[in-house]
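Inside the fold
Here are the chains, one letter per residue:
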Amino acid sequence: MKPEHKPLNAYRKISLICVFLLLAAFVLLLLVGISLPIVHPVYIIRVYATPTGPATSLGTELRFGIWGVCAYSQLNPPSVLNDDGLCYGPRLGYQDVIPSVILAQIGLSQGLIDAALKGLLVVLIIHIVAAGFSLAGLFTSLFLASHSMTILSLLLSVITAILSTVVFVIDIVVAAVARVKIPEFSNDLSVGVGNAVWMVLGALVASWLGVIFLSARACFCCGVRRQVFDLCFSQTKQIR
C-alpha cells in the first residue's frame, strides 16, 4: 500500500483536528436531522401558552421538529428521559398539521401555505444532506498525505459549511417570523427558539473551522509545510 493511502500517515495534527471538527458537525447535524418526534429533546421551535388556571390535560405547548410535531400539557410536560407527548409523525413535512380553520382566520389560502410548506420541506431535508457531506469529509480527512484526498476533503467540508450556513439562516428566519406572526394571531401564544437551531450553529462553526485547517494543508500556508521527507522515509522503510 502506498504511504499516501494510509490513514493518518502525514499531517496527523491537522487530520485529527479536522476529524474532530467534522465529527462534531456530523453528530450535531444528524441529531437535528432525526429530531422530534424521533429524538424528542431536539426541536426547532416551540409554540406555547402560559397556563392561568388549574393543571389540565389540554395541550399548552407545541414543539416542531424535522419529522413532526408533539403536543404537551401541564399534566404531561416535556421531559428528556421520559417524554410521553402526543406526537404527529414521524413524517417529513407539516402539510396536515395546520388546520384549515386557522388558515381561514389569518387570511391565508391553502395553496399559499402548501407552496410555503414544500419550500420548508426542502430545507428540512438539507439538514440530513449536510450531515452526509460532513461524514464523507470526516473519512477523507484521514488521508491528508494525498493531495488529491485533501482537495476532496476540502470540497466536502466547504459544501457542508455552506449547507449548514443556509440551514441556520433559514431556521433563524422561520423562528423570527413565527415569533412575530403567531402572537398577532393570539396574544396568549408565545414562540421560543429550539435547541436544534443552536446545534446547527455549532455545526456551522465546526465546519468552517475544518475548512480553514484543510485549506492550510491544501495550499501549504499558515505554517503548514510539505512533509516530503516523512513520506520518503516511509517508502525507504518499505523497500528495506
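Numbers given to residues run from 1 along each chain, matching the order in which its sequence is written. Per-residue local features are limited, in this predicted model, to residues with pLDDT of at least 70; the limit for side-chain atom pairs, both in listing and counting, is 80 or more; totals at the level of whole chains, interfaces and linings are taken over all residues. As a convention, hydrogens and water are excluded, and side-chain values are obtained from all of the structure's heavy atoms.

1. With respect to the overall build of the protein chain
A run of DSSP states H or I qualifies as a helix once it reaches four residues; a run of E qualifies as a strand once it reaches two. Both are numbered from the N-terminal end. Helix and strand content of the protein chain: six helices and five strands. Listed N to C, the secondary structure of the protein chain is α-β-β-β-β-α-α-α-β-α-α in terms of helices and strands. Note on classification: 1.4 Å probe, protein chains only; a residue is buried when its accessible area is under 20% of the maximum for its type, exposed when over 50%, partly exposed between these limits. Counting all 240 residues of the protein chain, 37% fall into the buried class. Contacts are residue-level and defined by heavy atoms, with any inter-residue pair within 4.5 Å sufficient. Counting contacts in the protein chain only where the partners sit at least 6 residues apart, residues at least 24 apart contribute 68% of the total. Here the Shrake-Rupley method, with its probe set to 1.4 Å, supplies the accessible areas, and only the displayed protein chains count as covering residues. Roughly 13,000 Å² of accessible area belongs to the protein chain as shown, and the carbon and sulfur atoms make up 69% of that amount.

2. What to know about the packing of helix α1 (residues 12-33) against helix α5 (residues 195-219)
Helix packing for two helices is described by the angle between their axes and how far apart those axes are. For the pair α1 and α5, interaxial distance at closest approach is 8 Å and the crossing angle is 155°. In this view, α1 runs roughly antiparallel relative to α5, as classed from their interaxial angle. At the point where α1 passes α5, the crossing takes the left-handed sense. Between α1 and α5, the contacting residues are Ile14, Ile17, Cys18, Leu21, Ala25, Leu28, Leu29, Leu31 and Val32 on the first element and Ala196, Met199, Val200, Gly202, Ala203, Ala206, Ser207, Leu209, Gly210, Phe213, Leu214 and Arg217 on the second. Angles run from 0 to 180 degrees between N-to-C directions of axes, and those axes are lines fitted to C-alpha atoms, restricted for helices to the stretch in contact. With respect to orientation, any angle under 35 degrees is reported as roughly parallel, any angle over 145 as roughly antiparallel, any angle of 65 to 115 as roughly perpendicular, and every other angle as oblique. Note on convention: near helix rotated counterclockwise from far helix by under a right angle means a left-handed crossing. Clockwise means right-handed.

3. Concerning the confidence of the model for the protein chain
Of all residues in the protein chain, 72% attain a pLDDT of 70 or more, and the chain-wide mean is 78. One confidence number per residue, pLDDT, is output by the predictor and ranges from 0 to 100. Note that residues 101-108 has pLDDT below 50 and, in this model, eight contacts with residues that lie over four places away or in other chains. In the predicted structure, residues 228-240 sits below a pLDDT of 50 and forms nine contacts with residues beyond four places in sequence or in another chain.

4. Observations regarding the nonpolar core
In this text, buried Ala, Val, Leu, Ile, Met, Phe, Trp, Tyr and Cys residues form a nonpolar core when linked through side-chain atoms within 4.5 Å. In this structure, Val32, Ile44 and Ile45 are the most contacted members of the largest nonpolar core, which totals 29 residues. Looking at this core, the elements with two or more residues in it are α1, β1 (45-49), α3 (110-140), α4 (147-185) and α5. Among the elements that make up this core, the one with the highest residue count is α5 (seven residues). If sequence neighbours within four positions are ignored, valine 32 has contacts with Val42, Ile66, His127, Ala196, Met199 and Val200.

5. Quick word on the environment of valine 205
Mapped onto the fold, valine 205 is located in helix α5. Looking at valine 205, the relative accessible area reads 41%, which means it is partly exposed. Measuring from C-alpha to C-alpha, the distance between valine 205 and alanine 25 comes to 8.3 Å, with 180 residues separating the pair along the chain.

6. Quick word on the side chain of serine 15
Counting through the fold element by element, serine 15 comes out in helix α1. On the basis of relative accessibility, which here comes to 0%, the residue serine 15 falls in the buried class.

7. Quick notes on the UniProt feature "transmembrane region" (unreviewed entry) in the protein chain
UniProt positions are given in the numbering used here, feature names are shortened, and annotations may be inferred rather than shown by experiment. In the numbering used here, UniProt assigns the feature "transmembrane region" (unreviewed entry) to residues 120-144, 151-176 and 196-216. Taken end to end, residues 151-176 comprises 100% helix and 0% strand; its first and last C-alpha atoms sit 37 Å apart. Strand forms 0% of residues 196-216 and helix 100%; the C-alpha atoms that close the span are 30 Å apart.

8. Observations regarding the pattern of salt bridges
Salt bridges are identified by distance alone: a Lys or Arg side-chain nitrogen within 4 Å of an Asp or Glu carboxyl oxygen. Enumeration over the complete set of coordinates arrives at two salt bridges. Among the ionic pairs, glutamate 61 bridges to arginine 46, the shortest N-O distance being 3.5 Å. Of the two residues, glutamate 61 is situated in strand β2 (residues 59-64) and arginine 46 in strand β1; the sequence distance between them amounts to 15 residues. Given the relative accessible area of 23%, arginine 46 is considered partly exposed. For glutamate 61, a relative accessible area of 11% corresponds to the buried category. Within this structure, Arg46, Glu61 and Arg63 form a network of salt bridges that share partners.

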